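Coordinate inspection notes
Now for the letters of each chain:
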Amino acid sequence: MLKNYLKIAWRSLVKNKISSFINISGLAVGLAISILVMLVILDMVSYDKFHTHLPNIHALIKNYKVDGEISSGTSVSGPLAGAIRNDIPEVKYISRFGSGGQGLIKSGEKALYEKTVYVEPDYFRMMTFPAIAGDAVKALEQSGSVVITERTAKKLFGQENPMGKLIMYNNTHPLQVGAVIRDIPENSSERFDVVLPFSLYEQENRAWINNWDHNSIATWMELQPGTNLTALNAKLAKLIQEKLKNKDEGLFAYPFADMWLYGEFKNGKPSGGGRIYAVLLVGAVGLFVLLIACINFMNLATARSERRAREVGVRKVMGAFRKQVIFQFLCEAMLLTFISLLLGLFLAVLALPVLNHFTEKNMTFDFVNWRVWLSLLGMVIFTGLVAGSYPAFFLSSFKPVLVLKGIIVNRKGGSILRKGLVTFQFMTSIFLIIATIVIFKQLRHAENRPIGYDPENLVEIPLRGDMNGKFHLIKNELAQIPGVTSISGGSNDLIRFGGATDGIDWPGKTAGQNIWVTLTSVGYDWAKTAGLKMAEGRDFSPAFGTDTNACLINQAAVTKMGLKAPVIGTKLSGAIVIGVVQDFVYNSPFSTPQPMLIELGRGGMNHLFVRVRNDDNWRKTLGQIELAIKKSNPNYPFDYHFVSEEYQKRFEGIRYTSQLTNIVGTLAIFISCLGLFGLSAFLAERRNKEIGVRKVLGASVSQLWLILSKDFLKPVAVAFILASPLAGWAMNKMLLNWDYHISLSWWMFAVAGLLAFIIAIATVSFHGIKAALINPVKSLRTE
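Here goes a summary of the coordinates provided. (Residues numbered from 1 in each chain as written. Predicted model: local features only at pLDDT ≥ 70, side-chain atom pairs only at ≥ 80, totals over all residues. Heavy atoms only, no water.)

Digging into the overall build of the protein
Assigned secondary structure in the protein consists of 25 helices and 25 strands. Looking at the protein as a whole, 50% of its 783 residues qualify as buried. Sequence separation of at least 24 residues holds for 79% of the intrachain contacts in the protein that already meet a minimum separation of 6. When the accessible surface of the protein is totalled, it reaches about 36,700 Å², and 58% of it is carbon and sulfur. (Helix = DSSP H or I, 4+ residues; strand = E, 2+ residues; numbered from the N terminus. Buried < 20%, exposed > 50% of the residue type's maximum accessible area, 1.4 Å probe, protein only. Contact = heavy atoms within 4.5 Å. Areas by Shrake-Rupley, 256 points an atom, 1.4 Å probe, with all protein chains shown as cover.)

Structure (structure tokens):
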């Protein structure tokens, strides 16, 4: 029986080539997008799932109350881990975690920069990063050992056994390879190549590591099985209150399993949000595109009902039950869906490298993974049932007595449903067009934003290891180069600033009035070198010996603190303000600049800023800079960045989102137009005789075109009316996530609606004009 159904289904597909091509093409594109969406979702939900003890691993989250709002973060103080280890028995293992950034790793003549972290031995008792040589736990118990990944080991030692080999870290710390672990999985939220003992981190940060008020490290812990999390959090809250005597700060444990997808906190509590929003959004886009493709099948099948009516009538007269007819049409839908799936898989394989480029991932089709097969099977069943269910029930309902007499009852409900489905298709398409326009305009708006300094021809050179101790020596060397116009340094680059405090005092500050102030230290001529503008006062200068006890602030700090003129000379926690820098953009190009306090760096710097002359010799100047750096630091590879290029990297996320939205929107419109094209062809054929009569009675080609086209333009108009407020609400919610954003304008919706109308008119006009030009003698010949 099933074989017979499949044979009939295949013959139907071959016989109706145009409709089969439209359905297969639309479903293949829809399934290809859904498959790629499936890969993205499976990748996002798989993060950190490989850890054996994942259910018991938790992160420490600290709450801070500033400006009446509670903020949460993973940065906690150094002594906290020891206090928890001694006082809270529910904690089985605990490890502090410090980032070392890009550290210089050398072995013999080989030198490379790798991402380094500092952890305690318990880290590898909790996390599942298996060793292929040595013991990572024992290695970290020794201050002179280091743990490296397999990839780093191959870079440094090739095929040699790395165990026991000596490497130099930042040209200052000789370390012995104590263990080699497998490369960190792609779906790990923790990424590193070199793991250093935390005792080394303590040595390098003696000034603050034991200070309860300094929060700069993360802390992970594994709980005893069966631990009551509510009771534990009560103990943690009590502990932090006893140590800090500050009721505005809190502490709680949060499951590591939830950090990746649900890592958003509001008012000091988990909000249930985070990356899960992206998962839901991506899933919704894939589902809607697939539904658009399914609608094509439903519309074309019901539009061709007259051609299949007699077939249904004959089958019923021959004894077929309605459920058998339904099953036959569902078999046709499943066969078509399966063919579309094969083509969709092929398209998805071709598109996957492009998706990997956009997302900077390395996703692959893991056909050994049962989740992939289960998802594909669910996709086929869902698509086949959605696409084929209504046509199957609709066609199987024909009464054989009527259809064999040539009487086809055209139900008004069927026509309304087809128009409703077309409306839904174009609603989705118009929504995506509006989203594309809004995201594109927001991107351009942020890219053209005045950033407050001049990033062009400004070179930033990271000072790693002992290079920062030679800052003044390097600065003097570079000052001799003719193409260099200005030199300075800073503890932060101009793009990212990290450290902040709420402990700044200022004149007029009231009790309980706390604000977060970003802290950074810089060298002389910092504002001049960066191209920053002074709103008041002056830059740091070696001509003023008192600058060692001075500071600069930005305009945001003046406003937030409510400082009154004259600001120059005001004391902030003992430092005298000598200048106010105009606000400049940092951390995010979409955020409002926050208060900042800039001190004069008394020691070395982490970043060197060099402004070069904008002329034809800039490459020669850069080469001379490299020679000067290597002369002072021959043991470090030369590394530099143009600040303008680094700033543009901040837009990569929204730029990729814009491109992907554009691609998905174009494909959604393409699928919708495929269905509209096929539907207009069948309806033009159905009204063939009507057109002939109208032409005989004197109707012009334009009048006939309008008669045929208006039935399709009405659903598009309704789709625009419905999609516009929905898109406006969604886009406004998205824009409110950014401080610096555009305002929605009427023309964005007008352009989307006009574009949808033009596309719809162009799609249906082919068959409309073709039908209007047919000789009425041919269309009326059978009358």
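Let us keep going from here.
Re the nonpolar core
Counting residues in each nonpolar core, the largest one holds 60 residues, and the members touching the most others are Tyr453, Trp526 and Phe584. Looking at this core element by element, the count peaks at 12 residues for helix α15 (residues 412-447). Val40, Trp260, Cys294 and Ile671 belong to the second-largest nonpolar core, a separate cluster that totals 41 residues. (Core = buried A, V, L, I, M, F, W, Y, C linked by side-chain atoms within 4.5 Å.)

Details of the environment of alanine 284
Tracing the backbone shows alanine 284 in helix α10 (residues 276-303). Overall, the relative accessible area of 29% leaves alanine 284 in the partly exposed class. Along the backbone, alanine 284 and valine 37 are 247 residues apart, and their C-alpha atoms lie at a distance of 9.4 Å.

A word on empty space enclosed by the protein
Evaluation of the coordinates by the stated rule reveals 5 cavities of 30 Å³ or more. Size it by volume and the second largest cavity reaches roughly 40 Å³. Forming the boundary of the second largest cavity are Glu460, Asp493, Leu494, Ile495, Arg496, His641, Phe642, Val643 and Glu646. At the level of secondary structure, the elements contributing two or more residues to the lining of the second largest cavity comprise β25 (641-642) and α20 (643-648). Along the lines of polarity and charge, the residues of the lining of the second largest cavity split into 4 nonpolar, 1 polar and 4 charged. (1 Å grid on protein atoms, 1.4 Å probe; cavity = no way out; pocket = protein on both sides within 12 Å on 5 of 7 lines; lining within 4 Å. Points joined across faces, edges and corners; volume = space filled by probe spheres on them. Nonpolar A, V, L, I, M, F, W, Y, C, P; charged D, E, K, R; others polar.)

Things to note about the side chain of histidine 58
When you line up the elements, histidine 58 lands in strand β1 (residues 57-66). With residues up to four places along the chain from it excluded, the contact list for histidine 58 reads Thr219, Trp220, Met221, Leu223, Leu229, Ala253, Tyr254, Pro255 and Phe256.

Overview of the pattern of salt bridges
Scanning all chains against the criterion turns up 21 salt bridges. Where arginine 96 meets glutamate 202, a salt bridge forms, and the shortest distance between an N and an O atom there is 3.1 Å. Of this pair, arginine 96 sits in strand β4 (residues 91-107) while glutamate 202 sits in helix α7 (residues 198-204), placing them 106 residues apart in sequence. On the basis of relative accessibility, which here comes to 8%, the residue arginine 96 falls in the buried class. A relative accessible area of 27% means that glutamate 202 is categorised as partly exposed. (Salt bridge = Lys/Arg side-chain N within 4 Å of Asp/Glu carboxyl O.)

Concerning the packing of helix α3 (residues 80-87) against helix α8 (residues 229-244)
Running from amino to carboxyl end, α3 crosses α8 at an angle of 125 degrees, the nearest separation of the two axes being 11 Å. Between α3 and α8, the crossing angle belongs to the class labelled oblique. The chirality of how α3 crosses α8 is right-handed. Judged by residue contacts, Leu80, Ala83, Ile84 and Asp87 of α3 engage Leu236, Leu239, Ile240 and Lys243 from α8. Split by residue class, the contact of α3 with α8 holds 6 nonpolar, no polar and 2 charged. (Axes fitted to C-alpha atoms, helices over the stretch in contact; angles between N-to-C directions. Parallel < 35°, antiparallel > 145°, perpendicular 65-115°, else oblique. Left-handed = near helix turned anticlockwise from the far one by under 90°.)

What to know about α3
Of the positions making up α3, those classed as buried are Leu80, Ala81, Ala83 and Ile84. Taken around the axis of α3, the buried residues stretch over an arc of 165 degrees, which confines them to a single face. (Arc of directions from axis to C-beta.)

Some words on the environment of serine 145
Position of serine 145 among the secondary structure elements: in strand β7 (residues 145-149). The exposure class of serine 145 is buried, given its relative accessible area of 5%. With 34 residues separating them along the chain, serine 145 and alanine 179 place their C-alpha atoms 8.4 Å apart. Not counting the four nearest positions on each side in its chain, serine 145 is found in contact with Ala139, Leu175, Gln176 and Pro197.

Focus: the packing of aromatic side chains
Tallied over the full model, the rule gives 28 aromatic pairs. Where tyrosine 123 meets phenylalanine 192, the ring centres are 6.3 Å apart and the plane angle is 65 degrees; that geometry is what we call edge-to-face. With tyrosine 123 in helix α4 (residues 122-126) and phenylalanine 192 in the loop between β9 (173-181) and β10 (194-197), the pair connects residues that are 69 residues apart, well separated along the chain. For tyrosine 123, a relative accessible area of 0% puts it in the buried group. Both rings, one in phenylalanine 497 and one in tyrosine 586, keep their centres 5.1 Å apart while their planes meet at 70 degrees; by these two values the pair is edge-to-face. One end of the pair, phenylalanine 497, is in the loop between β16 (484-490) and β17 (500-501); the other, tyrosine 586, is in the loop between β22 (575-581) and β23 (596-600), with 89 residues separating them in the sequence. The exposure classification of phenylalanine 497 matches that of tyrosine 586, with both residues buried. The structure contains a cluster of three or more aromatic residues connected by ring pairs, namely Phe50, Phe97, Tyr123, Phe124, Phe129 and Phe192. Lying over the aromatic face of tryptophan 260, arginine 275 brings its terminal NZ or CZ to 3.6 Å of the ring centre. Residue placement shows arginine 449 over the ring face of tyrosine 740; its charged tip is 4.1 Å from the ring centre. (Phe/Tyr/Trp six-rings, centres within 6.5 Å; stacked < 30°, edge-to-face > 60°. Lys NZ or Arg CZ within 6 Å of the ring centre and 35° of its normal.)

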